[in-house]
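Residue-level structure breakdown
Residue strings, one per chain:
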Amino acid sequence: MLRFFPEYKRARTAILFAFLVPLFGCDGGIRIHGCVYTQTKPVTDAKSTAYESDPAVTRKDLVPLGDAHVLLFRSPLAETGQTEAWKSGVNTDTKGDFETGGVCAPGRKEFSVQVGKDKYQALTYKFSTSTGQKTLYFVLSPSPSDTVR
């Protein structure tokens, strides 16, 4: 029926465009994965450290740390104390591997990752990304009170 009324073609196109635009390009996402390690022979004054390449390739003193908690969150929101800060958390598996993420607005964003486990030094690592994917590795050192002297 609309074939006979060509003046409605622009209106149809505008309405269709108005409904489809929100479906495309509104959501971005972040996904991080990696591994959490600890040292086989802890050093007394060692500090927990974050890496963007796998340290186990060159360091033979590392073993995977299972059941460590990895929490990903938007840095500026959480640092200002907003209670509605975006968060996503997961525990590592027995091989120390983790993967977490979620949906957020597209564009370059500041994120933080907190990694911790009982009897280990907690670590917070900040990064920014616009690609939505990041591979991170963490080496947790035992808490000073739990190291053998």
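Described in the following lines is the structure provided in the data block. On a predicted model such as this, the values are computed, not experimentally measured, just so you know.

Bringing the overall build of the protein chain into the picture now. Per the secondary structure count, the protein chain includes two helices and nine strands. Listing each helix as α and each strand as β along the protein chain from the N terminus yields α-β-β-β-β-α-β-β-β-β-β. Counting over 149 residues, the protein chain shows a buried share of 35%. For the protein chain, the accessible area works out to roughly 9700 Å², and carbon and sulfur atoms hold 57% of it.

So, on to the environment of Glu-52. Relative to the helices and strands, Glu-52 is located in the loop between strand S2 (49-51) and strand S3 (62-64). Taking relative accessible area as the criterion, Glu-52 reaches 46% and is therefore assigned partly exposed. The spatial distance from the C-alpha of Glu-52 to the C-alpha of Thr-135 is 6.3 Å, given a sequence separation of 83 residues. Residue contacts for Glu-52: discarding those within four places in its chain leaves Tyr-125, Lys-134, Thr-135, Leu-136 and Tyr-137. Polar contacts involving the side chain of Glu-52 include one to the side chain of Tyr-125, which spans 2.6 Å. Side chain to side chain, Glu-52 and Lys-134 meet in a polar contact 3.4 Å long.

Calculation rules
Residues numbered from 1 in each chain as written. Predicted model: local features only at pLDDT ≥ 70, side-chain atom pairs only at ≥ 80, totals over all residues. Heavy atoms only, no water. Helix = DSSP H or I, 4+ residues; strand = E, 2+ residues; numbered from the N terminus. Buried < 20%, exposed > 50% of the residue type's maximum accessible area, 1.4 Å probe, protein only. Areas by Shrake-Rupley, 256 points an atom, 1.4 Å probe, with all protein chains shown as cover. Contact = heavy atoms within 4.5 Å. Polar contact = N/O pair within 3.5 Å; in protein donor to acceptor, adjacent residues only side chain to side chain.

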